[in-house]
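Architecture and fold: a report
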Amino acid sequence: MSDFHVYDTTMRDGAQQEGLNLSVQDKLHIARHLDDLGVGYIEGGWPGSNPKDTEFFALAAKELDLEHATLAAFGATRRPDASAADDGLVAALRESGASVVTLVAKSHDKHVELALRTTLEENLAMVRDTVQHLREEGQRVFVDCEHFFNGYLDNRDYALEVVRTAAEAGAEVVVLCDTNGGMLPHQVGEIVANVMATGARLGIHAHNDTGCAVANSMAAVLAGATHLQGCINGYGERTGNADLVTSVANLELKLGMSVLPEGRLAEATRISHAISEITNYPPSARQPYTGVSSFAHKAGLHASAIRVDPNLYQHIDPALVGNDMRLLVSEMAGRATIELKGKELGYDLTGDPERLARLTDRVKSMEQQGYTFEAADASFELLLAEEMGTRPQYFDIESWRVLAESLPGSLDAISEATVKLRAGGQRLAVIGEGNGPVNALDHALRQAIEQLYPDVARFHLIDFRVRILDQGHGTDAITRVLIETTDGKDSWVTVGVGPNIIEASWQALVDAVTYGLRLHAVTPQTV
Ligand SMILES: [Zn+2]
């Protein structure tokens, strides 16, 4: 591993994202994941600025056992006209237990005058004193030059003076920040190359307001920066910070640098998703490298070529970042796509062209009715199993009915569903209640078969999406329902279609339960 710094600021700058709130425990979990990814530095927050961050550093010292990462405490230079040793916030950094302190310093003259309300000379003294003081106390110091690029464009000499002052005082890295996120890569490349002449070791901290945070980070590295800051999943205020995983994957896979410990990049997809569980922000399907769609191909015409060489259609082998190639069964689906998708699911249709043709026709006609299998792998797999004669029949539905009742003045509408079916040689009629008709049907169906198939108690619905497909007939629109179910470990998506939303939901529910039982290798009892 090189001496290049991969520096994560998810827990400080990333947490500025609207709606993102992290508890101290959340932050400890995130730190462990980041360490697992192999980042070199984790910025834990600003000790002394709020009790939560102070508590985090205290707990981290006791509970975090980091293998790769060093914890960094973030803070500001001393107050104007005071001494660094007596400044309370500087003391909190000194006492945080973090071996690295990242100090934010003003480097844009207008910000010094308008925000700090002090002189340009005093700001330089604040940088110098604070860096020197913390160095004397035995800490490593990085300096973040806030609004550096705008400052450089407005008053180049002063911006450069701040960099020199920080480096001469003992800052190990001077980080150039595009705090407003308004730069473009050619500007960043040129400015970083010019600042390299100061002799300081440089870093980059980019925001994504022009959609160029990662590109700007790459430009900075190509111009000589050897310290890269970013946030997992591109979290951050406004449009976010540079996505750390995308940046690191670019450095390793495109620029041939080795910035993470051996083998760690292959954990990126898992870790990116694990952290989205903690932040409670659903992962973006279109996230470069780690998104579920990042290597998804709507094959159609290309399917036969993908079968020969998948790398013709993707920029890297998805396994390098721990992701997978996915084939989408779409309206343009030809036999080749279905054959390939079958193979992905463990069905070899190569030797059976008739069956393959029949299945292709069936998918095409279902798609005409409004079905989509792109997002509903589980329903597609059941369809395949049905064609192969291996779809298990756990129960045989006789009928279902659902009633909804609302009482005047009450916000709660109670739904009651009756499901009649045969399973395990018995005829069962079960009533289920729920806060909506689909919920009631789900309860009734699972209650009816729970004794026979106890696994269903572990299934629950996690997502329910409805799309109205206007087939151009005005009122007689078709409804498509997608249901996502989990057993706590795996999750699967099923689809139902029909003119009636409850009928469409019912189909998706029946597929969901059938798929789950089949996944658990449950043997069907005689219906
Ligand atoms: Zn920032």
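What you see is a predicted model, and the numbers here were worked out from it, not measured in a lab. (Residues numbered from 1 in each chain as written. Predicted model: local features only at pLDDT ≥ 70, side-chain atom pairs only at ≥ 80, totals over all residues. Heavy atoms only, no water.)

Assigned secondary structure in the protein chain consists of 17 helices and 16 strands. Principal axes of the C-alpha set define a box for the protein chain whose edges measure 85 × 60 × 45 Å. When the 527 residues of the protein chain are sorted by exposure, 53% land in the buried category. A total of about 23300 Å² of accessible surface is found on the protein chain, and carbon and sulfur atoms cover 48% of it. In the protein chain, which carries 44 positive and 73 negative side-chain charges, the distance between the mean positions of the two groups comes to 4 Å. (Helix = DSSP H or I, 4+ residues; strand = E, 2+ residues; numbered from the N terminus. Buried < 20%, exposed > 50% of the residue type's maximum accessible area, 1.4 Å probe, protein only. Areas by Shrake-Rupley, 256 points an atom, 1.4 Å probe, with all protein chains shown as cover. Lys, Arg positive; Asp, Glu negative; His and termini not counted. Charge placed at Lys NZ, Arg CZ, Asp CG, Glu CD.)

Let us look at the coordination of the zinc ion. Within the protein, Asp13 (OD), His205 (NE2) and His207 (NE2) serve as the donor atoms for the zinc ion, at 2.0 to 2.2 Å. The motif formed by the donor residues of the zinc ion, counted along the single chain, is D-x191-H-x1-H. Placement of the pair is Asp13 in the loop between strand 1 (5–8) and helix 1 (24–37) and His207 in the loop between strand 7 (202–206) and helix 9 (213–223), with a sequence separation of 194 residues. Classification of Asp13 as buried rests on a relative accessible area of 5%. (Donors = N, O, S within 2.8 Å, 3.2 Å for Na, K, Ca; no water.)

Turning our attention to the sheet that holds strand 7. Strand order around the closed barrel formed by 8 strands is 1-2-3-4-5-6-7-8, with parallel pairing between neighbours. Shown here is a sheet whose adjacent strand axes are inclined to one another by a mean of 25 degrees, direction ignored. For strand 4 (residues 100–106) and strand 5 (residues 140–146), the ladder comprises 7 bridges, and the chain directions are parallel. Within strand 5, the position partnered with Val100 by the bridge is Arg140. (Pairing = 2+ DSSP bridges. Axes fitted to C-alpha atoms, helices over the stretch in contact; angles between N-to-C directions.)

Quick look at the UniProt feature "domain: Pyruvate carboxyltransferase" (unreviewed entry) in the protein chain now. Feature annotation in UniProt places "domain: Pyruvate carboxyltransferase" (unreviewed entry) on residues 4–266, given in this structure's numbering. Secondary structure content for residues 4–266 is 43% helix and 17% strand, while the C-alpha to C-alpha distance between its ends is 19 Å. (UniProt positions renumbered as here; feature names shortened; annotations may be inferred.)

With that settled, consider the packing of helix 1 against helix 11 (residues 268–279). One can describe the packing of helix 1 onto helix 11 by two numbers: an axis separation of 10 Å at closest approach and a directional angle of 175 degrees. By the criterion of interaxial angle, the relationship of helix 1 to helix 11 is roughly antiparallel. Contact residues: Asp26, His29, Ile30, His33, Leu34, Asp36 and Leu37 in helix 1; Ala268, Arg270, Ile271, Ala274, Ile275, Ile278 and Thr279 in helix 11. Taken together, the residues that form the contact of helix 1 with helix 11 break down as 8 nonpolar, 3 polar and 3 charged. (Parallel < 35°, antiparallel > 145°, perpendicular 65-115°, else oblique. Contact = heavy atoms within 4.5 Å. Nonpolar A, V, L, I, M, F, W, Y, C, P; charged D, E, K, R; others polar.)

Right, let's talk about the pairing of strand 8 (residues 227–230) for a bit. Because side chains alternate across strand 8, one face comprises the buried residues His227 and Gln229, and the other comprises Leu228 and Gly230, equally buried. Where strand 1 meets strand 8, 4 bridges bridge the pair, whose relative direction is parallel. Paired with His5 across the strands is His227, a residue of strand 8. Bridge count between strand 7 and strand 8: 2 bridges; the pairing is parallel. If you follow Ile204 over to strand 8, its bridge partner there is Leu228.

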